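Coordinates in review
Given next are the chains, with one letter for each unit.
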Amino acid sequence: MSAIETSTAETGAVKAHGFWSSVGEALRGSHQDYTAGSLNRSILLLAIPMVLEMVLESLFAVVDVFWVGRLGADAVATVGITETLLSLVFAIGIGLALSTTAMVARRIGEKDPEDAAISAVQAIVLGILISVGLGIPAGLFAPQLLHLMGASPAIVAVGSGYARIALGGCGAILMLFLNNAIFRGAGDAAVAMRLLWVSNIINLVLDPCLIFGLGPFPHMGVTGAAAATCFGRSVGVLVQFWLLLRGTERIHVLARHLRLNLTVLWRLLRVSLTGILQFAISNASWIGLVRVVSLFGGTAVAGYTVAIRIVIFFILPSWGLSNAAATLVGQNLGAGRPDRAEQAVWRTGLYNLIFLGTIGIFFIIFATPVVHLFVKDPAVIPIAATALRTFCCGNLAYAYVMVILQAFNGAGDTLTPTIVNFFGFWVLLLPLAWSLAVPLHMGAEGAFLAFVIAQLAIAAASIILFRRGRWKRIRI
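Residues numbered from 1 in each chain as written. Predicted model: local features only at pLDDT ≥ 70, side-chain atom pairs only at ≥ 80, totals over all residues. Heavy atoms only, no water.

Some words on the overall build of the protein chain
A count of helices and strands for the protein chain gives 17 helices and 0 strands. At 22 Å, the protein chain has a C-alpha radius of gyration in line with the 23 Å of a compact globule built from 476 residues. Summarising its shape, the C-alpha atoms of the protein chain cover approximately 60 × 45 × 40 Å along the three principal directions. Classification of the 476 residues of the protein chain by burial places 61% in the buried group. (Helix = DSSP H or I, 4+ residues; strand = E, 2+ residues; numbered from the N terminus. Rg over C-alpha atoms; globule rule 2.2 N^0.38 Å. Buried < 20%, exposed > 50% of the residue type's maximum accessible area, 1.4 Å probe, protein only.)

Regarding the side chain of Gln406
By secondary structure assignment, the location of Gln406 is in helix H15 (residues 395-410). A relative accessible area of 5% places Gln406 in the buried class. Reaching out from Gln406, the side chain makes a polar contact with the side chain of Asn323 at a distance of 2.8 Å. Beyond its immediate chain neighbours, meaning those up to four positions away, Gln406 contacts Phe279, Trp319, Ser322, Asn323 and Ala326. (Polar contact = N/O pair within 3.5 Å; in protein donor to acceptor, adjacent residues only side chain to side chain. Contact = heavy atoms within 4.5 Å.)

As for the side chain of Gln122
One can find Gln122 in helix H5 (residues 113-140). Classification of Gln122 by relative accessible area gives buried; the value is 0%. When residues no more than four places from it in sequence are discounted, the contact partners of Gln122 are Arg259, Leu260, Asn261, Val264, Leu265 and Leu268.

Side note on the nonpolar core
Core analysis: the largest hydrophobic core is formed by 103 residues, its most contacted members being Tyr304, Val371, Leu388 and Phe391. Examining the composition of this core, we find that 15 residues originate from one element, helix H12 (residues 298-334), more than from any other. Not counting residues within four places of it along the chain, the set of residues in contact with Leu388 comprises Ala307, Ile310, Val311, Phe363, Ala367, Val370 and Val371. Within the second largest apolar cluster, 38 residues are counted, among which are Val121, Ala192, Met193 and Leu196. (Core = buried A, V, L, I, M, F, W, Y, C linked by side-chain atoms within 4.5 Å.)

Quick word on the pattern of salt bridges
A full pass over the atoms with the stated rule returns 6 salt bridges. Of the charged contacts in the structure, one is a salt bridge between Asp339 and Lys472, with a shortest N-O distance of 3.9 Å. Of this pair, Asp339 sits in helix H13 (residues 338-372) while Lys472 sits in the segment after helix H17 (444-468), and the two are 133 residues apart along the sequence. Overall, the relative accessible area of 58% leaves Asp339 in the exposed class. A salt bridge links Lys472 to Glu342; the shortest N-O distance between them is 2.6 Å. Taken together, the residues span a long stretch of sequence, with Lys472 in the segment after H17 and Glu342 in helix H13 at a distance of 130 residues. Judged by relative accessible area, which is 21%, Glu342 ranks as partly exposed. Here the salt bridges share partners, and the residues they tie into one network are Asp339, Glu342 and Lys472. (Salt bridge = Lys/Arg side-chain N within 4 Å of Asp/Glu carboxyl O.)

Observations concerning a nonpolar patch on the surface
The grouping of Leu415, Ile419, Phe422, Phe423, Trp426 and Val427 at the surface amounts to a nonpolar patch, some 560 Å² of accessible area in total. Note on placement: Trp426 falls in helix H16 (residues 415-437). (Patch = residues over 30% accessible without salt bridge, like charges linked within 9 Å, V, L, I, M, F, W, Y side chains within 5 Å. Areas by Shrake-Rupley, 256 points an atom, 1.4 Å probe, with all protein chains shown as cover.)

A look at the packing of aromatic side chains
Applying the stated rule across the entire model yields 13 aromatic pairs. Here the aromatic rings of Phe66 and Trp67 are separated by 5.1 Å at their centres, their planes lie at 85°, and the arrangement is edge-to-face. Overall, the relative accessible area of 30% leaves Phe66 in the partly exposed class. Of the residues examined, Trp67 reaches a relative accessible area of 26% and is grouped as partly exposed. Note on Phe422 and Phe423: the rings are 5.4 Å apart at their centroids and 85° apart in plane angle, and the pair reads as edge-to-face. (Phe/Tyr/Trp six-rings, centres within 6.5 Å; stacked < 30°, edge-to-face > 60°.)

Focus: H13
Taking 1.5 Å of rise per residue, 35 residues should cover 51 Å, and H13 covers 47 Å from first to last C-alpha, within 8% of that figure. If you look at H13, its biggest bend is around 85°, right at Phe366, and the proline Pro369 turns up within four residues after that. (Expected span 1.5 Å × (residues − 1). Bend = angle between axes of the 7 residues up to and from the residue.)

Some points on the environment of Arg475
Within the secondary structure, Arg475 is located in the segment after H17. In this structure Arg475 comes out as exposed when scored by relative accessible area, which is 66%. It is 8.2 Å that separates the C-alpha atoms of Arg475 and Ala411, two residues lying 64 residues apart in sequence.

A word on the packing of H15 against H16
Running from amino to carboxyl end, H15 crosses H16 at an angle of 145°, the nearest separation of the two axes being 8 Å. Across from Leu405, Phe408 and Asn409 in H15, the residues of H16 making contact are Thr416, Pro417 and Asn421. Taken together, the residues that form the contact of H15 with H16 break down as 3 nonpolar, 3 polar and no charged. (Axes fitted to C-alpha atoms, helices over the stretch in contact; angles between N-to-C directions. Nonpolar A, V, L, I, M, F, W, Y, C, P; charged D, E, K, R; others polar.)

Notes on the packing of helix H9 (residues 189-212) against helix H10 (residues 222-246)
The relative placement of two packed helices comes down to the angle between their axes together with the axis-to-axis distance. Taken N-terminus to C-terminus, the directions of H9 and H10 make an angle of 155°; their axes are 8 Å apart at the nearest point. Here H10 runs roughly antiparallel to H9, going by the angle between their axes. Remark: the crossing between H9 and H10 carries right-handed chirality. Among the residues making up the contact of H9 with H10, the classes are represented as 14 nonpolar, 7 polar and 2 charged. (Parallel < 35°, antiparallel > 145°, perpendicular 65-115°, else oblique. Left-handed = near helix turned anticlockwise from the far one by under 90°.)

As for unusual backbone geometry
A positive phi angle, near 60°, is found at Lys111, a position not held by glycine. The phi dihedral of His441 falls on the positive side, at around 60°, and the residue is not glycine. Here His441 lies in the loop between H16 and H17. Judged by relative accessible area, His441 falls into the exposed class, the value being 72%.

What follows is the structure, encoded as structure tokens:
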């Protein structure tokens with residue numbers, strides 16, 4: 001059967017089940033075996049809750065900047081610089097999460113839920129140790145870290161409390177990512193989505209209350225945004241632990257699993273280290289990019305912050321599609337079906353291309369009114385609008401980058417994306433950003449343009465390496 005005939009047949013399979021009934025099943029939690037049956041239906045059942053999960057994750061950032069934007073440019077810049085520092089935490093969290101998803105998905109594909117639960121426990125042990133090791137020093141030295149990032153004395157004065165809570169409570173971010181990765185790898189995408197509902201509802205309610213001192217709540221200013229987000233995420237983590245111990249249909253952590261398994265721990269750590277390095281390379285490059293932008297003042301940093309928050313809001317749903325591809329790759333490799341795994345990647349990439357392309361066109365046309373919803377400072381709005389338009393020019397390339405690199409990770413091949421990220425971001429992006437911004441006198445706009453050029457290069461390299469097929473032979 002040809003690829004077109006296969007796709008047509010699988011589209012018919014989705015229609016046979018009913019599109020809206022499939023959507024309802026995805027939201028409730030599907031019982032389907034993702035290693036067999038219609039691939040389109042498998043993508044749909046996994047992608048819907050994963051996309052919604054990422055939308056909810058992005059709400060943390062958008063809600064914060066929406067309310068903090070009322071406090072002025074220094075407050076917005078505080079959030080931007082702190083979030084840039086937190087990108088290293090996200091790198092570690094995502095690195096651990098991707099290896100956890102790969103290992104749990106592989107065990108589920110092999111129909112071995114016992115080893116899947118053991119892998120989950122070892123991942124949690126690693127996450128707790130790293131959370132403590134990062135959170136304590138980051139919280140203690142938060143003002144110094146802001147200063148190192150080029151923050152002005154005014155920004156340090158306004159933002160030290162925010163940075164202390166956000167950086168000191170980084171373990172909540174890490175564990176939320178990690179535990180949801182366990183559920184995603186098992187195929188329990190709807191569970192991961194519902195957990196973020198809990199965290200976001202708390203954040204949505206507490207954010208304006210703590211920032212502006214509504215009712216009985218203290219007036220904390222920008223610090224209140226960090227307190228609300230940290231509390232919401234922490235509650236979500238506690239619910240995650242409860243669900244793992246209570247058990248779902250696909251994964252259940254029992255008392256006998258609550259012990260160290262050094263063999264599994266080492267395998268997970270080995271894959272995680274490369275995964276952490278992969279995202280550390282990527283996210284640390286954002287620190288370098290912000291450092292270049294900060295050469296042009298706090299207004300430029302604030303404009304960049306608003307634009308990148310808006311981009312993240314729409315990029316994170318695409319991460320949901322990418323995570324669906326990673327789960328399908330892991331489970332189908334475990335089931336001995338590498339061709340189905342590859343087909344899932346190309347098809348998911350096409351869907352992501354359509355989505356991000358549409359979003360990119362919208363923002364290129366309506367950048368200024370969209371930015372105006374989040375910030376009122378007339379000096380910040382044009383910079384933010386320019387950054388948003390420029391970033392969106394790279395959406396078509398980024399659509400495939402996200403899916404293909406996550407596919408490598410889902411297979412347990414964390415080395416290939418690490419190499420691609422190193423050359424794309426550190427060898428190309430950062431030198432080019434500085435060159436365009438300073439010697440070529442393009443200012444902050446040069447740094448924004450460099451990001452788009454780097455994404456195009458990374459997309460080309462990723463496609464070439466994926467076609468070679470080395471990822472199909474990885475064992476974890």
